Amino acid sequence: MKTIPIRAQMTPETKCGFCTNTKCCGYITQQIPGPRSMEDFDHLLWQISHANVEVYKDEDGWFLLINNRCTKLLPDGRCGIYETRPQICRDYSNDWCEFDEPPEQHFELYFRNYAELLQYCRKRFKHWERRFDQKKEA
Amino acid sequence: MADFDLLLWQIAHHNVQFFKDSDGWFLQVTNRCTHLLADGRCGIYDTRPIICREHSTDGCEFDGMTEKDFDLFFADYDALLKYCRRRFKKWDQRFQKSG
């Protein structure tokens, strides 16, 4: 028996069909004020303690990255509200998207969980471990 | 309308809500804390964040947040969409402005 290989052409129109888990519909971002003080980072540690919450900084600033999927996604990966989908979804191009390259390649800082951010805080603030003592004294 | 359209994108995702109170607008993500132990205690109690230290059980989530606690509260996409349609007369025509 002879196998005939069929190579499907990946074009902008068919590309999303190759993306098996609909990466671009699996998160939201929210820009946050750039943290400076120990209190700011302590607050971020509270947020990143929660499931699926990450933090990154890129050339546009600091962002929460919340890896919750869109509720409008149909089981086959299509959009359930395509005709009335938000503008950000309309503007999104699959020309060079998450399917091609992990977005974190353009992050200056990327904290995937509590432990990673905590490590950064300890390095950035000499007195990090004593931050609650200071508060009591103040 | 563009601002609200972006909020609609966010709230379309699981566990995302919005509220507005006297301090302003907030994005509320109801994902659980990863430090929670099986019995409900805190797994990092001695080094828990300040916001957890300051949280009081006096009138807390257990007592039930009601709509009275917020100026506005949107539990999901449909609730926010309904508000947008009421607030902006031309909401449903917003993508046609170039036509």
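Residues numbered from 1 in each chain as written. Chains lettered and ligands numbered in written order. Predicted model: local features only at pLDDT ≥ 70, side-chain atom pairs only at ≥ 80, totals over all residues. Heavy atoms only, no water.

A. Highlighting the overall build of chain B. From N to C terminus, chain B includes three helices and three strands. Put simply, chain B runs from its N terminus to its C terminus through helices and strands in the order α-β-β-α-β-α. Against the globule reference of 13 Å for 99 residues, chain B gives a C-alpha radius of gyration of 18 Å, more extended than a compact globule. Structurally, chain B occupies a C-alpha span of about 60 × 25 × 20 Å along its principal axes. Scored against the burial criterion, the 99 residues of chain B give a buried share of 32%. Carbon and sulfur atoms form 50% of the exposed surface of chain B, whose accessible area is close to 7000 Å². Each charge class in chain B was averaged separately, 14 positive and 16 negative side chains, and the resulting centres sit 8 Å apart. (Helix = DSSP H or I, 4+ residues; strand = E, 2+ residues; numbered from the N terminus. Rg over C-alpha atoms; globule rule 2.2 N^0.38 Å. Buried < 20%, exposed > 50% of the residue type's maximum accessible area, 1.4 Å probe, protein only. Areas by Shrake-Rupley, 256 points an atom, 1.4 Å probe, with all protein chains shown as cover. Lys, Arg positive; Asp, Glu negative; His and termini not counted. Charge placed at Lys NZ, Arg CZ, Asp CG, Glu CD.)

B. Here's a closer look at unusual backbone geometry. Even without glycine at this site, Thr-22 of chain A takes up a positive phi of about 50°. Here Thr-22 of chain A is to be found in the loop between α1 (15–18) and β1 (28–32). According to the relative accessible area criterion, Thr-22 of chain A is buried, its value standing at 13%. Here Asn-15 of chain B, not a glycine, exhibits a phi torsion of approximately 65°, which is positive. Assignment of secondary structure puts Asn-15 of chain B in the loop between α1 (2–11) and β1 (16–21).

C. Quick look at the interface of chain A and chain B. Facing 33 residues of chain A, the contacting portion of chain B comprises 30 residues. Carbon and sulfur atoms supply 65% of the area that chain A and chain B bury against each other, a total of about 2700 Å² over both sides. The tally of links between chain A and chain B comes to zero salt bridges. In this structure, the connection of chain A to chain B is made through 13 residue pairs in polar contact (both at pLDDT 80 or more). (Contact = heavy atoms within 4.5 Å. Buried area = accessible area lost by both parts, 1.4 Å probe. Salt bridge = Lys/Arg side-chain N within 4 Å of Asp/Glu carboxyl O. Polar contact = N/O pair within 3.5 Å; in protein donor to acceptor, adjacent residues only side chain to side chain.)

D. Broad picture of the nonpolar core. Phe-41, Leu-44, Leu-45, Leu-117 and Trp-128 of chain A are the most contacted members of the largest nonpolar core, which totals 23 residues. Sorting the residues of this core by element identifies β1, α2 (38–48), β2 (53–58), β3 (61–66) and α4 (114–124) of chain A as the ones contributing at least two each. With residues up to four places along the chain from it excluded, the contact list for Trp-128 of chain A reads Met-38, Phe-41, Asp-42, Leu-45, Leu-118, Cys-121 and Arg-122 of chain A. Counting residues in hydrophobic clusters, the runner-up holds 16 residues, among them Phe-74, Tyr-77, Tyr-83 and Cys-84 of chain B. (Core = buried A, V, L, I, M, F, W, Y, C linked by side-chain atoms within 4.5 Å.)

E. How the structure looks around the sheet that holds β1 of chain B. Residue and element names in this part refer to chain B. The three strands are arranged β2-β1-β3 in an open sheet whose pairing can be described as antiparallel. The two strands at the open ends of the sheet, each matched to only one other strand, are β2 (24–29) and β3 (72–74). On average, adjacent strands in this sheet sit at an angle of 15° to one another, irrespective of strand direction. The strands that α1 touches are β1, β2 and β3; relative to β1, the one it contacts most, it runs at about 135°. (Pairing = 2+ DSSP bridges. Axes fitted to C-alpha atoms, helices over the stretch in contact; angles between N-to-C directions.)

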